[in-house]
Amino acid sequence: MAKTDVWQGTLALMVLRTLETMGPQHGYGLARRIEQTSGAQLSVNYGTIYPALLKLEQEGYVVSEWGASDNNRRAKFYRLTRSGRRQVARIAGEWQQTTAIVTRFLASSEGSS
Amino acid sequence: MKYVRAGFRRFRNLFRTDRLERDLADELEAHLQLHTDDNVRAGMSPDDARRHALLSLGGVESVKEHYRDRRGIPMLEVILKDLGFGLRLLRKQPAFTFGAVAALTIGVAVNVLVFSIANALVIRPLPISDPGQVVRAYVDGYSNTPYADYVDYRDRNQTLSGLAAFANVPLVVRRDGLRSPYRRRP
């Protein structure tokens, strides 16, 4: 159960970050891009992105509207809001801090054994 | 704060299911079409492309279920569905429904009756706002007062806000024709 929570949190961060770098995108495009960037972790189930997008929309980090995709198909596009941008910056900072702490910790314990 | 906002949205979503269901179906269909197009462009046959897109999505109904869990308030929705189902069942069996409603009505009515009596006699306190102002009045030492006099005192006095009287009646309680040793003193 905890693993799913961590995964969902990670997925949310990846969606926000991808929207930040790519600009407005539809669900399929986001899933594709995240798969490429994260090294095939998401290839199992593209469907997980839709509940994640819904959650982000409910929390106010993204907004959605219908538009036309590159090959002229009707698709629902998602866009980062201002509070979404703030959220990316905040979580990214937290992640880097956690990673730095853990890395330092792991490195130091090698010397003592 | 984002939880409050999300909570409001989810509650509101309980009332918009039709439109939201259509939107969800549209969005997933759009996803499948985009993926299928990409697959076809990568060289798959249209059928294979579509099948692969469906597999990658992870099952349309499964995705919809997860989406619905996040969209509304699942516990509330389940309860409401159960209520609707129960009501439909009751409508189909009028005899049983009538019997059950009658039994419940009688049960509630009896309880209300018993409690009202108990409340009036036992539980509810006397309508006296300040016990310190209750006095006991005597006319001639501890002797009895005629009823007519009591009425006059009650109606014509200007000192007391009200006046009540009581009488002691010693009773002998008989049982089975024998003279019982118990004597009831009120």
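A quick note: this is a predicted structure, and the numbers were derived from the prediction, not measured. (Residues numbered from 1 in each chain as written. Chains lettered and ligands numbered in written order. Predicted model: local features only at pLDDT ≥ 70, side-chain atom pairs only at ≥ 80, totals over all residues. Heavy atoms only, no water.)

## Some words on the packing of helix 3 (residues 49–59) of chain A against helix 1 (residues 2–13) of chain B
Angle between the axes and distance between the axes are the two parameters that describe a pair of packed helices. At a closest axis distance of 7 Å, the pairing of helix 3 of chain A and helix 1 of chain B adopts a crossing angle of 110°. It follows from the interaxial angle that helix 3 of chain A and helix 1 of chain B lie roughly perpendicular. Between helix 3 of chain A and helix 1 of chain B, the contacting residues are Glu-57, Gln-58 and Glu-59 of chain A on the first element and Lys-2, Arg-5, Ala-6, Arg-9, Arg-10 and Asn-13 of chain B on the second. Looking at the contact of helix 3 of chain A with helix 1 of chain B residue by residue, the class counts come to 1 nonpolar, 2 polar and 6 charged. (Axes fitted to C-alpha atoms, helices over the stretch in contact; angles between N-to-C directions. Helix = DSSP H or I, 4+ residues; strand = E, 2+ residues; numbered from the N terminus. Parallel < 35°, antiparallel > 145°, perpendicular 65-115°, else oblique. Contact = heavy atoms within 4.5 Å. Nonpolar A, V, L, I, M, F, W, Y, C, P; charged D, E, K, R; others polar.)

## Examining the sheet that holds strand 2 (residues 62–68) of chain A
All names here are of chain A. Strand order in the open sheet formed by 3 strands is 1-3-2, and the pairing between neighbours is antiparallel. If you trace the sheet from one side to the other, it starts and ends with strand 1 (25–26) and strand 2, each paired once. Taken together, the 2 bridges between strand 1 and strand 3 (residues 74–80) define a ladder with antiparallel strand orientation. When the bridges of strand 3 are listed, Gln-25 appears paired with Tyr-78. Lying over the sheet, helix 3 contacts strand 2 and strand 3, oriented at roughly 120° with respect to strand 2. (Pairing = 2+ DSSP bridges.)

## Details of the interface of chain A and chain B
On the side of chain B, 27 residues touch chain A, which itself brings 26 residues to the contact. Both faces combined, the contact of chain A with chain B buries some 2,400 Å², and carbon together with sulfur accounts for 55% of it. Taken as a group, Tyr-28, Tyr-50 and Gln-58 of chain A account for 29% of the area that chain A buries against chain B, more than any other trio of residues on that side. Seen at the junction of chain A and chain B, the total is 3 salt bridges. Linking Arg-32 of chain A and Asp-38 of chain B is a salt bridge whose minimum nitrogen-to-oxygen distance equals 3.8 Å. Linking chain A with chain B are 8 residue pairs in polar contact (both at pLDDT 80 or more), by the criterion used here. (Buried area = accessible area lost by both parts, 1.4 Å probe. Salt bridge = Lys/Arg side-chain N within 4 Å of Asp/Glu carboxyl O. Polar contact = N/O pair within 3.5 Å; in protein donor to acceptor, adjacent residues only side chain to side chain.)

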